[in-house]
Amino acid sequence: MGSISHYIKEIGRGKDGARPLTREQATDCFGQLLDGQVSDLETGAFCIAMRVKGETPEEMAGFLDATAARMQLVPASDRPLVVLPSYNGARRLPVLTPLLALLLAREGLPVALHGTPTENRAVTAADVLAALGTAPAQAVAPVAAGQVAFLPTGLLCPGLQRLLEVRRVIGLRNPAHSLVKLMNISEGPAVRVGSYTHPEYAVSMGQVFALVGATALLMRGTEGEVVADARRLPAMEGFVRGQRVTLEAGQRGTLTELPGLPSALDAVSTAAYTRDVLAGRLPVPTSLQVQVEHILRLACA
């Protein structure tokens, strides 16, 4: 059994007194947590201390390094893998992350969603995909061009799944909840799609994408999901191997109605809407079409 007490001593001095870890220290600390080498008490202390202090971009880069070293990565394919984290699900609006994935696959890109339920009552992207006939993967395998796969977090990295579940015990988010929205699950080129809810996360997530040299799209998502809100066009920022590019300025205003968008949040209703859009019986929401076009551009960059 290892110990991260010396790291907790640095990060646990409160919001003003805490000192950040270096990238190397963060890699070692998070690696021990992922490997289950520390006590439950230290794990809880780490999660609470980081919740109070907040992660620096260097710390998050270290956490990502540790995770990548322990993850079953998706083998590279001919085209960059589009990586869509999906951890929130539907709350007030239907979850359209599967629609985004299928629109991208229709354009010939390989698409991998990853996630695990973090809300007890939410309808998840995995639920909608299952209603569409796509079951969660049982093993990590290549994703072909034009294919959509859903990879449970526990399949990719069991240690990361354990850290996510700490929230159910202590009731607070921890760095794992931010990390899953930033990580690359591909051993080859990828386009990561990241989303934020609060503006301060736009800054911190952008700094991490730049620091790790990611090719990514970043925008305000829909209730924590990485799909553009079907009722409005958000600003979108891009990264090409860590270099920032402006993709979309966005537009103010919100549509009060959208043709065919189901009022029910259940998986069957959302799957039916998704089929109707893909079949052309209903229009593709403008914001999703714009998001698809920008991801295609990033995949060719």
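Described below are features of the structure shown in this document. Not measured: the values here are computed from a predicted model.

## Quick look at the packing of aromatic side chains
The description of two aromatic rings rests on the distance between their centres and on the angle between their planes.
Next, step 1: Counted according to the given criterion, the structure contains four aromatic pairs.
Next, step 2: On the numbers, 6.4 Å between centres and 55° between planes, the contact of Phe30 with Phe46 is tilted. Of this pair, Phe30 sits in helix α3 (residues 23-34) while Phe46 is found in helix α4 (residues 40-53), placing the two residues 16 residues apart along the sequence. Across the pair, exposure class does not vary: Phe30 and Phe46 are buried alike.
Next, step 3: Every member of this aromatic cluster is reached through a ring pair, and the members are Phe30, Phe46 and Phe63.

## Regarding the layout of surface pockets
Gaps left between atoms are located by rolling a probe of water-molecule size over the structure's atoms.
Next, step 1: Estimates place the volume of the largest pocket at around 810 Å³.
Next, step 2: As for the largest pocket, its lining consists of 31 residues, and the residues nearest its centre are Arg173, Ser178, Thr197, His198 and Tyr201.
Next, step 3: Counting residues per element, the ones that place at least two in the lining of the largest pocket are α4, α5 (57-70), α10 (175-179), β4 (190-196) and α11 (199-211).
Next, step 4: Per-element accounting of the lining of the largest pocket gives the leading share, five residues, to α11.
Next, step 5: Residues belonging to the lining of the largest pocket are distributed by class as follows: eight nonpolar, 12 polar and 11 charged.
Next, step 6: When its volume is computed, the second largest pocket comes out at roughly 260 Å³.
Next, step 7: Contributing elements (two or more residues each) for the lining of the second largest pocket: α4 and α9 (158-170).
Next, step 8: Here the lining of the second largest pocket takes seven residues from α9, the largest share from any one element.
Next, step 9: Grouping the constituent residues of the lining of the second largest pocket by class yields six nonpolar, five polar and three charged.

## Let's talk about the environment of Leu33
Next, step 1: Its location among the elements puts Leu33 in helix α3.
Next, step 2: Distance in space between the C-alpha atoms of Leu33 and Arg19 is 19 Å, their sequence separation being 14 residues.
Next, step 3: Excluding residues that lie within four positions of it along the chain, Leu33 makes contacts with Ile4, Val38, Thr43, Phe46, Arg162 and Leu163.

## Here we look at the pairing of β4
Next, step 1: In terms of residue burial, β4 counts as a mostly covered element, since seven of its seven residues are buried.
Next, step 2: As defined by bridge partners, strand β1 (residues 81-85) adjoins β4 across three bridges and the pair is classed as parallel. Bridge pairing in β4 links Val83 to Arg192.
Next, step 3: Here β4 pairs with strand β5 (residues 216-220) via five bridges, running parallel. Bridging across to β5, Tyr196 finds its partner in Arg220.
Next, step 4: For the segment spanning β4, α11 and β5, crossover handedness is right-handed.

## Structural notes on the packing of α3 against α9
Next, step 1: In contact at an axis separation of 8 Å, α3 and α9 are set at 90° when each is read in the N-to-C sense. Taken together, the axis directions place α3 and α9 in an arrangement best described as roughly perpendicular. Within the contact between the two elements, α3 uses Phe30, Leu33 and Leu34 and α9 uses Gly159, Leu160, Arg162 and Leu163.
Next, step 2: In terms of residue class, the contact of α3 with α9 is built from five nonpolar, one polar and one charged.

## Regarding the sheet that holds strand β3 (residues 148-152)
Next, step 1: Strand order in the open sheet formed by seven strands is β3-β2-β1-β4-β5-β6-β7, and the pairing between neighbours is mixed. This sheet does not close on itself; its edge strands, each paired only once, are β3 and β7 (243-248). Between one strand axis and the next, the sheet turns through 25° on average, direction left out of account.
Next, step 2: Sheet strands touched by helix α6 (residues 97-106): β1, β2 (111-115) and β3. Its angle to β2, the strand with the most contacts, is close to 160°.

## Considerations on a nonpolar patch on the surface
Next, step 1: Judged by side-chain polarity, Ile48, Val52, Val169, Ile170 and Leu172 come together as a nonpolar surface patch covering roughly 410 Å² of accessible area.
Next, step 2: Inspection of the secondary structure puts Ile170 in helix α9.

## Comments concerning α11
Next, step 1: A rise of 1.5 Å per residue sets the reference length of α11, with its 13 residues, at 18 Å; its end C-alpha atoms lie 19 Å apart and thus fit the reference within 8%.
Next, step 2: Taken together, the buried positions of α11 are Ala202, Met205, Gly206, Val208 and Phe209. The arc that holds the buried residues of α11, viewed along the axis, is 160°, so those residues lie on one side.
Next, step 3: In this fold, the buried residues of α11 make contact with α5, β4, β5, β6 (236-240) and β7.

What counts as what
- Starting from 1, residues in each chain are numbered consecutively following that chain's sequence as written.
- In keeping with the model being predicted, local features are shown solely for residues with a pLDDT of at least 70 and side-chain atom pairs are shown and tallied solely at 80 or more, while totals for entire chains, interfaces and linings include all residues.
- Think of the side-chain values as coming from all heavy atoms in the structure, minus any hydrogens and water.
- Aromatic pairs are defined between Phe, Tyr and Trp rings, using the six-membered ring for Trp, whenever the two ring centres lie within 6.5 Å; interplanar angles under 30 degrees are classed as stacked, those over 60 as edge-to-face, and all others as tilted.
- A run of H or I in DSSP becomes a helix once it reaches four residues, and a run of E becomes a strand once it reaches two; helices and strands are each numbered from the N terminus.
- Accessibility here uses a 1.4 Å probe with only protein chains present; expressed as a share of the type maximum, an area under 20% marks a residue as buried, one over 50% as exposed, and anything in between as partly exposed.
- A 1.4 Å probe that fits into a set of points on a 1 Å grid over the protein atoms alone but cannot get out defines a cavity; an open set with protein on both sides within 12 Å along at least five of seven lines defines a pocket, and lining residues are those with an atom within 4 Å of a point.
- Grid points are joined across faces, edges and corners, and a volume is the space filled by probe spheres set on the points.
- Residues are grouped as follows: nonpolar covers Ala, Val, Leu, Ile, Met, Phe, Trp, Tyr, Cys and Pro; charged covers Asp, Glu, Lys and Arg; every other residue, Gly included, is treated as polar.
- Any two residues whose heavy atoms approach within 4.5 Å are treated as being in contact.
- Here, strands pair whenever DSSP counts at least two bridges between them.
- For the handedness criterion, the strands are oriented away from the viewer, and a crossover whose path from the first strand over the helix to the second runs clockwise is classed as right-handed.
- Here an angle of 0 to 180 degrees is reported between the N-to-C directions of two axes, which are lines fitted to C-alpha atoms, with helices fitted over the stretch in contact.
- In this scheme, roughly parallel covers angles under 35 degrees and roughly antiparallel covers those over 145, while 65 to 115 is roughly perpendicular and the rest are oblique.
- The patches reported here contain residues having more than 30% relative accessible area and no salt bridge. Joining distances are 9 Å for like charges and 5 Å for nonpolar side chains (Val, Leu, Ile, Met, Phe, Trp, Tyr).
- To measure how exposed things are, a 1.4 Å probe is used in the Shrake-Rupley method; for residues, cover is taken only from the protein chains shown.
- Any Lys or Arg side-chain nitrogen located within 4 Å of an Asp or Glu carboxyl oxygen qualifies as a salt bridge.
- A helix is expected to reach a length of 1.5 Å times the quantity of its residues less one.
- Directions drawn from the helix axis to the C-beta atoms are what define this arc.

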